[in-house]
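Working through the structure, step by step
The chain contents come next:
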Amino acid sequence: MKVRVDRNLCTGLGNCVALAPTVFEFDDENKAVVLDPASVDDETLLEAAESCPYDAIIIEDDEGNQVYP
Ligand code: SF4
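What this report covers is the structure whose coordinates are included nearby. (Residues numbered from 1 in each chain as written. Predicted model: local features only at pLDDT ≥ 70, side-chain atom pairs only at ≥ 80, totals over all residues.)

1. Points about the environment of Asn30
What counts here: In DSSP terms, a helix is any run of H or I states spanning at least four residues, a strand is any run of E spanning at least two, and both are numbered starting from the N terminus. To sort residues by burial, count the other C-beta atoms lying within 10 Å of each one's C-beta; a count of 20 or more means buried, 12 or fewer means exposed, and anything in between means partly exposed. C-beta atoms are built from the backbone.
Relative to the assigned elements, Asn30 resides in the loop between strand 2 (24–26) and strand 3 (32–34). Judged by the 11 C-beta atoms lying within 10 Å of it, Asn30 falls in the exposed class.

Here you go:
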């Protein structure tokens, strides 16, 4: 799975960081950045993406197909 955060959509709410701190952290601008998506299982990744009310977390499978949102 590939994960990225749309910086224009992220408001720094922090749900993703709270749910998956090994995958997401805040940068200097209080936007979430991706650390290590492989550190959690796919279910946790999806849960973290679903926790973002702005759909700022985009997940793709290894073939590049968008899985979420
Ligand atoms: S949950 Fe969404 S808005 Fe909040 S920090 Fe994560 S990506 Fe940004």
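2. Topic: the site of the ligand
Applied cut-off: By definition, a residue lies near a molecule or strand when the C-beta atom built from its backbone is within 6 Å of it. Charged means Asp, Glu, Lys or Arg here, nonpolar means Ala, Val, Leu, Ile, Met, Phe, Trp, Tyr, Cys or Pro, and polar covers whatever is left, Gly included.
Around the ligand, the structure places 15 residues, and the nearest of them are Cys10, Leu13, Cys16, Ala32 and Cys52. Broken down by class, the residue content of the shell around the ligand amounts to ten nonpolar, five polar and no charged.

3. Details of the sheet that holds strand 1 (residues 2–5)
Using the following cut-off: For two strands to count as paired, DSSP must find a minimum of two bridges between them. Between the N-to-C directions of two axes lies an angle of 0 to 180 degrees, each axis being a line fitted to C-alpha atoms and, for a helix, fitted only over the stretch in contact. Working definition of a contact: two residues with C-beta atoms, positioned from the backbone, lying within 7 Å.
Here we have three strands laid out as an open sheet, ordered 1-4-5, and antiparallel in their pairing. Strands at the two margins of the open sheet, each flanked by one partner only, are strand 1 and strand 5 (66–68). Sheet twist, expressed as the mean angle between neighbouring strand axes with direction ignored, is 35°. Here four bridges tie strand 1 to strand 4 (residues 57–60), and the two strands are oriented antiparallel to one another. Across the sheet, the residue bridging to Lys2 is Glu60, located in strand 4. In the packing of helix 2 (residues 42–50) onto the sheet, the strands contacted are strand 1, strand 4 and strand 5, and the crossing angle to strand 4 comes to about 150°.

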